[in-house]
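Report on the structure
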Amino acid sequence: MSTLMVRRPGSIVNNLLDNFNHPSWFDHWESDWGYNIPSVDIREKDDHYLLEAELPGLEEKDVEITVEEAQLVIRGERHEEKKSEKENYLVRERSATKFERSFRLSNKVDRERIEASFKNGVLTVVAYKRPESKPSKIKIKTS
């Protein structure tokens, strides 16, 4: 079993590693969260890949997962409201932060068999592998 950690942007070593082919079910990621990218662990099992994303403060309704062409996309939005009441004034600050992470799926992933669950701020995605196909011999016809 191998464990792969998703790398953060901006490292020379990360850019070099991007050129190597690794046995992951993804080979690229994107985000518009900058340095507030949710942490993700990806592990390979015998018959599936397991992705766990830390999304503290979010609920299931705040997260969306889609498969778009050859990518698994995780999107979410975090809403925060701070309220402070003092003598003759009220201060209310609201913010919303959106994020998106993309993982390019390898040909080993069965795109019809991806499951997700959410518990205690952790999103778990299980992507099942396709059964391995065996090479088939093609008969050459004579004219």
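Let us look at unusual backbone geometry. Even without a glycine there, the phi angle at E69 is positive, about 55 degrees. Mapped onto the secondary structure, E69 falls in the loop between β5 (63–68) and β6 (71–86). By relative accessible area, which is 78% here, E69 ends up exposed. Residue N120 is not a glycine yet carries a positive backbone phi of 50 degrees. Looking at where N120 falls in the secondary structure, it is placed in the loop between β8 (109–119) and β9 (122–129). Residue classification places N120 among the exposed positions, given a relative accessible area of 73%.

Turning to the pairing of strand β4 (residues 48–54), a few remarks are in order. In terms of residue burial, β4 counts as a mostly covered element, since five of its seven residues are buried. Hairpin remark: strand β3 (residues 40–44) followed by β4, antiparallel, with three residues in the connecting loop. Pairing between β4 and β9: seven bridges, direction antiparallel. Residue pairing in the sheet places L51 in a bridge with V125 of β9.

Once that is clear, we can look at the pattern of salt bridges. Counted by the stated rule, this structure contains six salt bridges. Ionic pairing is found between D62 and K61, a salt bridge with its closest N-O pair at 3.4 Å. Residue classification places K61 among the exposed residues on the basis of a relative accessible area of 67%. Notably, a salt bridge pairs E68 with R75, separated by 3.0 Å at the nearest N-O pair. With a relative accessible area of 34%, E68 lands in the partly exposed category. Given the relative accessible area of 23%, R75 is considered partly exposed. When salt bridges with common partners are traced through the structure, they connect E64, E68, R75 and E100 into a single cluster.

The next thing to look at is the confidence of the model for the protein. Chain-level statistics for the protein give a pLDDT mean of 76 and a share of 75% at 70 or above. Note that residues 1–35 has pLDDT below 50 and, in this model, 71 contacts with residues that lie over four places away or in other chains.

The rules behind these values
Residues numbered from 1 in each chain as written. Predicted model: local features only at pLDDT ≥ 70, side-chain atom pairs only at ≥ 80, totals over all residues. Heavy atoms only, no water. Helix = DSSP H or I, 4+ residues; strand = E, 2+ residues; numbered from the N terminus. Buried < 20%, exposed > 50% of the residue type's maximum accessible area, 1.4 Å probe, protein only. Pairing = 2+ DSSP bridges. Salt bridge = Lys/Arg side-chain N within 4 Å of Asp/Glu carboxyl O. pLDDT = per-residue confidence, 0-100. Contact = heavy atoms within 4.5 Å.

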